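Coordinates in review
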Amino acid sequence: MPPTAPGTSTETKPLIDRLGLKPGHATIVGLQWGDEGKGKVVDMLAAEFDAVARYNGGANAGHTVVVGDQKYKLHLMPSGILYPGKFNVLGNGVVIDPEQLVSEIVGNRERGLKVDTTNLFISNRAHLVLPYHKAQDQLQEAAYIMPNALDQVVEGIGTTGRGIGPCYADKALRSTAVRMADLQDLNELRHKLHRIVPIKNATLKALSEYTGDTFEPIDADALLEWLKPLAEVLVPHITNTAGLLHRVTAEDKRILFEGANATLLDIDHGTYPYVTSSNCSSLGAHTGTGVPGHQVPNVIGIVKAYQTRVGGGPMPTQLDDATGDRIREVGHEYGTTTGRPRRCGWIDLVALKYTASVSGATALCVMLLDVLADLPELKLCTGYMIDGKPVDEFPACSDDLSKIEPVYETLPGFEGPVDQCRSIAELPENAQNYLKFISDFLGVPVVLASVGPKRDQSAVR
Ligand code: GDP
Ligand code: IMO
Ligand code: MG
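Residues numbered from 1 in each chain as written. Chains lettered and ligands numbered in written order. Predicted model: local features only at pLDDT ≥ 70, side-chain atom pairs only at ≥ 80, totals over all residues. Heavy atoms only, no water.

**What to know about the coordination of the magnesium ion (ligand 3)**
The coordination sphere of the magnesium ion (ligand 3) contains the protein donors Asp35 (OD) and Gly62 (O), at a distance range of 2.0 to 2.1 Å. Taken together, the residues span a long stretch of sequence, with Asp35 in the loop between β1 (26-30) and α2 (38-46) and Gly62 in the loop between β2 (51-54) and β3 (63-67) at a distance of 27 residues. On the basis of relative accessibility, which here comes to 11%, the residue Gly62 falls in the buried class. (Donors = N, O, S within 2.8 Å, 3.2 Å for Na, K, Ca; no water. Helix = DSSP H or I, 4+ residues; strand = E, 2+ residues; numbered from the N terminus. Buried < 20%, exposed > 50% of the residue type's maximum accessible area, 1.4 Å probe, protein only.)

Okay, structure coming up:
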């Protein structure tokens, strides 16, 4: 479609209607390897929802929200906290580093945001990430890549070091887990820590001996003393959040489920073993909050206009050239949580077709489209080959993914700037064609193209 003049869109209907959402709840889920811009979309939509519920992950996530000249980097706090009068929920599927959460509560209060017991609710079933989880995460990574008898060179998972894997492992082990509900009775917790800490010390000592790191034993009582002031801040917020969300649903209020990480990092459906340890596809919204799937008619898949990945694991469309470097610099592709440079490449429609179906995307938001402006041509991966033969399914094994030769479709580029466009019709024709190609390939409508980090820098269909 030929473009109309930028900034001429005068649409004033609610965003949920402009995006064509069905009545009821919605899940926001990343469809790549994270950092697609989920925080921005949650923030935009939160204005028209009553509750925002995080359902998975922990402080491995970094969601950047830009409001005016203010930038908020949220790791645990649901992105709905920036609006007054919303219920913000950390569901049972989230793993909570108490020190990080308290620092976000206090830090955001100091910036003038309201964070109190009327707008922040923490599941009593959510698990705690404790300092020994972070130590175990880092030692486990170091131990895995140690030279061995076969002298194999292996790539580590490249975790964020935030203790996510060991915490979810303890959740599955049960006897070594600590939940938010345990903070409500510190006497009981003392007994629990005296059972768990010796086991953790034995594990950390063995790992440290193997890696050659120095081992400092943890003291259960010192850990409890460290936890006490954190518990004081957190306990008033702890509740049965599933019950709260059921009441919100019964009152016909709308919940926005905020996914952390992304579908290719899902422990079951992602690019195993280079994944995180939770169900970060939209499927996790239900186990991670206690709200059943049939109550969530909208799944908004968040897609970057290109592909990025941070940490280990193959990425078929990675560009180790000047175009990849240009995308990284223009898109500021450095991790919100760890500051690591993100690997960049062309959009991978084969991976997206897979993740859009696993997560059941009903609509797509294509983010950071402005970053691609002024490239002479745009490539989109539409097929996978291994040893010259087409691959018809997204590989289950990362070894196979690392052998992929991508097949590309090339489209002409578009000229910038596009950051003033407020409707898709205002975008240059070639940019509209790029979005149409994505939506036709995936069979899911693109309802929003993001053209800058700010709330209003969004071209809606
Ligand atoms: P998330 O983890 O999915 O919430 O994404 P991150 O916040 O880690 O990374 C996305 C980055 O892109 C953030 O710095 C955002 O402020 C920024 N961003 C979001 N949308 C756009 C956009 O359309 N254009 C540009 N240039 N930046 C964007
Ligand atoms: P947001 O919500 C990008 C990646 C890590 C690593 C792997 C496992 O900001 O999109 P972990 O610490 O979870 O055990 O690390 O998963 N990873 C992310 N990459 N964005 C994220 O979150 C991520 N969360 C985890 O880099 O490769
Ligand atoms: Mg991020």
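**Points about the nonpolar core**
As a rule of thumb, soluble globular proteins bury nonpolar side chains together. The biggest cluster of nonpolar side chains holds 53 residues, and the ones touching the most others in it are Leu364, Leu369, Leu372, Leu427 and Tyr434. The element contributing the most residues to this core is helix α13 (residues 429-442), with five residues. Residues in contact with Tyr434, not counting those within four places in the same chain, are Ala305, Ile347, Leu369, Leu372, Leu378, Leu380 and Leu411. Within the second largest apolar cluster, 41 residues are counted, among which are Leu82, Ile122, Leu139 and Leu189. (Core = buried A, V, L, I, M, F, W, Y, C linked by side-chain atoms within 4.5 Å. Contact = heavy atoms within 4.5 Å.)

**Examining the site of ligand 2**
Taken together, 20 residues are adjacent to ligand 2, and Asp35, Lys38, Thr160, Asn261 and Thr276 come closest. At 2.9 Å from an oxygen atom of ligand 2 is found a main-chain nitrogen or oxygen belonging to Gly62. Here an oxygen atom of ligand 2 sits 2.6 Å away from a polar atom, N or O, in the side chain of Thr276. Protein contact buries 98% of the 550 Å² of open area that ligand 2 shows by itself. Structurally, ligand 2 is housed in the largest pocket. Class assignment of the residues belonging to the shell around ligand 2 gives a composition of seven nonpolar, 10 polar and three charged. (Near = heavy atom within 4 Å. Polar contact = N/O pair within 3.5 Å; in protein donor to acceptor, adjacent residues only side chain to side chain. Areas by Shrake-Rupley, 256 points an atom, 1.4 Å probe, with all protein chains shown as cover. 1 Å grid on protein atoms, 1.4 Å probe; cavity = no way out; pocket = protein on both sides within 12 Å on 5 of 7 lines; lining within 4 Å. Sits in = over half its atoms within 2 Å of the grid points. Nonpolar A, V, L, I, M, F, W, Y, C, P; charged D, E, K, R; others polar.)

**Observations regarding a nonpolar patch on the surface**
Residues Tyr144, Ile145 and Val154 make up a contiguous nonpolar surface patch of about 270 Å² in total accessible area. Summarising the element assignment, Ile145 is placed in the loop between α4 (131-144) and α5 (164-173). (Patch = residues over 30% accessible without salt bridge, like charges linked within 9 Å, V, L, I, M, F, W, Y side chains within 5 Å. Salt bridge = Lys/Arg side-chain N within 4 Å of Asp/Glu carboxyl O.)

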